[in-house]
Amino acid sequence: LIVAITNSILTTRIKIQKNLMTVKVRRATALYSLVKNLSEAKDKDGVLQRFVHQIMQEFGFEATIFFSEDKNKLKHEAHPASSFIPDEVEWLAAESAYVTKNETGNGTGAVLGAFARYFPLVNNNSVLCVIGVKINKEIKSDADEMTFLSDFVKEVSPFLMKFSF
């Protein structure tokens, strides 16, 4: 009986470790693929098109991108590379992310009613753009996956900065 219990515990631990390793490998591969694809872009539009494609490929989520009109105002229209057209509530969530420099929208408790989570990309205390990722409820997206999504989104910043000046 003791051997069976010990064997069961060890088997469970091995399965847990295997699952964690699978997740780590998937995420490392996704980040490598993202950086490789973004580095092949020839201009800012190419970076954004590739980024939106990678979000869909890796997470199954649509994305939208907003840039500022001037230093204090976010454009109301999403960038053409966006894969969904946001409504007024979505734009308000993006504007809130732009102003507060914090994530807003779905799952954040800020701007209720938004389907997307909005990530402001900040450099030297100014917002480069706001990226919204529409969370598909049919796809598993726990807290760890949302943290990975946030890290994934932040990887686009250096590529946007490269073409912004």
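The structure contained in this document is the topic of the report that follows.

Reading the values: the criteria
- Residues numbered from 1 in each chain as written.
- Predicted model: local features only at pLDDT ≥ 70, side-chain atom pairs only at ≥ 80, totals over all residues.
- Heavy atoms only, no water.
- Helix = DSSP H or I, 4+ residues; strand = E, 2+ residues; numbered from the N terminus.
- Pairing = 2+ DSSP bridges.
- Phe/Tyr/Trp six-rings, centres within 6.5 Å; stacked < 30°, edge-to-face > 60°.
- Buried < 20%, exposed > 50% of the residue type's maximum accessible area, 1.4 Å probe, protein only.
- Lys NZ or Arg CZ within 6 Å of the ring centre and 35° of its normal.
- Core = buried A, V, L, I, M, F, W, Y, C linked by side-chain atoms within 4.5 Å.
- Contact = heavy atoms within 4.5 Å.

A look at unusual backbone geometry
Step number 1: The backbone of lysine 101 shows a phi angle near 60°, a positive value even though the residue is not glycine.
Step number 2: Mapped onto the fold, lysine 101 is located in the loop between helix 3 (88-100) and strand 4 (104-105).

Some words on the sheet that holds strand 5 (residues 116-123)
Step number 1: Sheet architecture is open: four strands sit in the order 1-6-5-4, paired in antiparallel fashion. For this open sheet the edge positions go to strand 1 (62-66) and strand 4, each flanked by a neighbour on one side alone.
Step number 2: Here strand 5 runs beside strand 6 (residues 126-134); their pairing, made up of eight bridges, is antiparallel. When the sheet's bridge partners are listed, tyrosine 118 is paired in strand 6 with glycine 132.

Some details on the packing of aromatic side chains
Step number 1: Enumeration according to the criterion identifies five aromatic pairs in this entry.
Step number 2: Seen in terms of ring centroids, phenylalanine 59 and phenylalanine 61 are 6.0 Å apart; in terms of plane orientation they differ by 15°. Their pairing is stacked. The same class applies to phenylalanine 59 as to phenylalanine 61, namely buried.
Step number 3: Through a chain of ring-to-ring contacts, the aromatic side chains of Phe51, Phe59, Phe61, Phe148 and Phe152 assemble into a single cluster.
Step number 4: The aromatic ring of phenylalanine 67 is capped on one face by lysine 44, whose charged end is 4.2 Å from the ring centroid.

Topic: the nonpolar core
Step number 1: Grouped together as the largest cluster of nonpolar side chains are 30 residues, with contacts concentrated most on Phe51, Ile55, Ile131, Val133, Leu149 and Val153.
Step number 2: In terms of residue count, the dominant contributor to this core is helix 2 (residues 44-59) (six residues).
Step number 3: The residues contacting isoleucine 131, other than those within four sequence positions of it, are Phe51, Thr64, Ile65, Arg117, Tyr118, Phe119, Leu121, Val153 and Val156.
Step number 4: The next biggest cluster of nonpolar side chains, apart from the first, holds 13 residues, and it includes Leu74, Ala93, Ala97 and Ala114.

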